[in-house]
Amino acid sequence: MSCKPLKVSEQKKSQDKINAKMQKRKKPLLDDVPPYMFIISEGTKTEPNYINGFANAINAKYREYSTGERILVEGTGRNTKDLLKYARKRVENKFPQAKVVWLLYDKDDFPLDNFDNTQYSAEKKKESRQYRVAWSNECIELWFVLHFQELTVNNGREQYQEILRKKCGYEKNAENLYDMFRDKTDIAIQRARRQYESYHDEAPSKRCPATRVYELVEELQRYL
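Residues numbered from 1 in each chain as written. Predicted model: local features only at pLDDT ≥ 70, side-chain atom pairs only at ≥ 80, totals over all residues. Heavy atoms only, no water.

Digging into the pairing of strand β4 (residues 130–137)
Item 1. Burial analysis of β4 places six of its eight residues in the buried class, the great majority of the element.
Item 2. Relative to β4, strand β3 (residues 100–106) runs parallel, the two being bridged by seven bridges. Bridging across to β4, Trp102 finds its partner in Arg132.
Item 3. Taken together, β3, helix α4 (residues 112–124) and β4 form a β-α-β motif whose crossover is right-handed.
Item 4. Two elements, β4 and strand β5 (residues 210–211), share two bridges in a ladder whose sense is antiparallel. Counted as the bridge partner of Asn137 is Ala210 from β5. (Buried < 20%, exposed > 50% of the residue type's maximum accessible area, 1.4 Å probe, protein only. Helix = DSSP H or I, 4+ residues; strand = E, 2+ residues; numbered from the N terminus. Pairing = 2+ DSSP bridges. Right-handed = clockwise from strand over helix to strand, strands pointing away.)

What follows is the structure, given as structure tokens:
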């Protein structure tokens, strides 16, 4: 067997083959790629600012394997009663390839029936895409507080914001919300799941304090 060194051209070809194999190994399996997902928020700043942190990281990670962005986030200013109807029209016009549509909304002071029926109506939709809900009763700040402590009593929006200001210098509508909370996300998910499941079969409006934002975040974390 000859021990002569490879020519420069042959070395390059050999290295190209190795690089191609490595790139092939790095490419995620089809099952690992996130579905096209449209996240439609009732709020126009706080919720989109937070969720866009996840979406931007995921879109950057999978960009070379996708046609366009995998995840879009949009804040609407719509109330709970109109959110699902708006989402169905919006996804057809703006992001028809979406396989999953998440509705992100708060209880706030809206009527109980509107809050409950948004979830029930979304769950009943029999379409090619899935509609899922990520609500907070009563506000998104509940989810943020769970990054720092357990909650068993509804202290209200103002108290939640005061807790957050003391814990992390929280400002509503801040653009760095994702970075502010991400290192405590796993414990927040555990707390939120315990809290939500403690109500068993009660209607969404009766689960207070509670949030299902953890389900959306848990799904997004799979792809980071």
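Moving on, there is more to tell.
Concerning the side chain of Ser136
Item 1. Residue placement: Ser136 occurs in strand β4.
Item 2. Residue class for Ser136 comes out buried when judged on its relative accessible area of 1%.
Item 3. Apart from residues lying up to four places away in sequence, Ser136 is in contact with Tyr105, Asp106, Lys107, Phe115, Ala210, Thr211 and Val213. (Contact = heavy atoms within 4.5 Å.)

Looking at the packing of aromatic side chains
The description of two aromatic rings rests on the distance between their centres and on the angle between their planes.
Item 1. Scanning the model with the defined rule gives 13 aromatic pairs in all.
Item 2. Plain terms: the ring middles of Phe115 and Trp135 are 5.3 Å apart, the flat faces sit at 65° to each other, and that makes the pair edge-to-face. Within this pair, whereas Phe115 is found in helix α4, its partner Trp135 is found in strand β4, the two being separated by 20 residues in sequence.
Item 3. Judged by its relative accessible area of 0%, Phe115 falls in the buried class.
Item 4. A residue is classified by how much of its surface remains accessible, and Trp135, at 0% relative accessible area, is buried.
Item 5. Consider the rings of Phe148 and Phe181, whose centres lie 6.1 Å apart with planes at 70°: the pair is edge-to-face. Of the two residues, Phe148 sits in the loop between α5 (140–145) and α6 (157–168) while Phe181 sits in helix α7 (residues 177–181), which places them 33 residues apart along the sequence. (Phe/Tyr/Trp six-rings, centres within 6.5 Å; stacked < 30°, edge-to-face > 60°.)

Topic: the packing of helix α2 (residues 46–62) against helix α9 (residues 213–221)
Item 1. At their nearest, the axes of α2 and α9 sit 10 Å apart, and the two run at 20° to each other. The angle between α2 and α9 falls in the class roughly parallel. In the crossing of α2 with α9, the sense of the turn from one axis to the other is left-handed. In contact with Tyr50, Ile51, Phe54 and Ile58 of α2, α9 contributes Leu216, Val217, Leu220 and Gln221.
Item 2. Its residues assigned to classes, the contact of α2 with α9 shows seven nonpolar, one polar and no charged. (Axes fitted to C-alpha atoms, helices over the stretch in contact; angles between N-to-C directions. Parallel < 35°, antiparallel > 145°, perpendicular 65-115°, else oblique. Left-handed = near helix turned anticlockwise from the far one by under 90°. Nonpolar A, V, L, I, M, F, W, Y, C, P; charged D, E, K, R; others polar.)

Some details on a positive patch on the surface
Item 1. On the surface, Arg78, Lys81, Lys85 and Lys89 cluster together into a positively charged patch.
Item 2. Here Arg78 shows up in the loop between β2 (71–75) and α3 (80–94).
Item 3. In this structure Arg78 comes out as partly exposed when scored by relative accessible area, which is 37%. (Patch = residues over 30% accessible without salt bridge, like charges linked within 9 Å, V, L, I, M, F, W, Y side chains within 5 Å. Areas by Shrake-Rupley, 256 points an atom, 1.4 Å probe, with all protein chains shown as cover. Salt bridge = Lys/Arg side-chain N within 4 Å of Asp/Glu carboxyl O. Lys, Arg positive; Asp, Glu negative; His and termini not counted. Charge placed at Lys NZ, Arg CZ, Asp CG, Glu CD.)

Focus on the confidence of the model for the chain
Item 1. Within the chain, residue pLDDT values average 89, and 86% of them lie at 70 or more.
Item 2. Predicted confidence is poor over residues 21–25, with pLDDT under 50, and the contacts of this stretch with residues over four places away or in other chains come to zero contacts. (pLDDT = per-residue confidence, 0-100.)

Describing α2
Turn by turn, an α-helix covers 3.6 residues, leaving residues three or four places apart pointing in a common direction.
Item 1. Taking 1.5 Å of rise per residue, 17 residues should cover 24 Å, and α2 covers 25 Å from first to last C-alpha, within 8% of that figure.
Item 2. Along its length, α2 reaches its greatest deviation from straightness, about 30°, at Asn52.
Item 3. Structurally, α2 contributes buried residues whose contacts are with β1 (37–41), β2, β3, α5, α7 and α9. (Expected span 1.5 Å × (residues − 1). Bend = angle between axes of the 7 residues up to and from the residue.)

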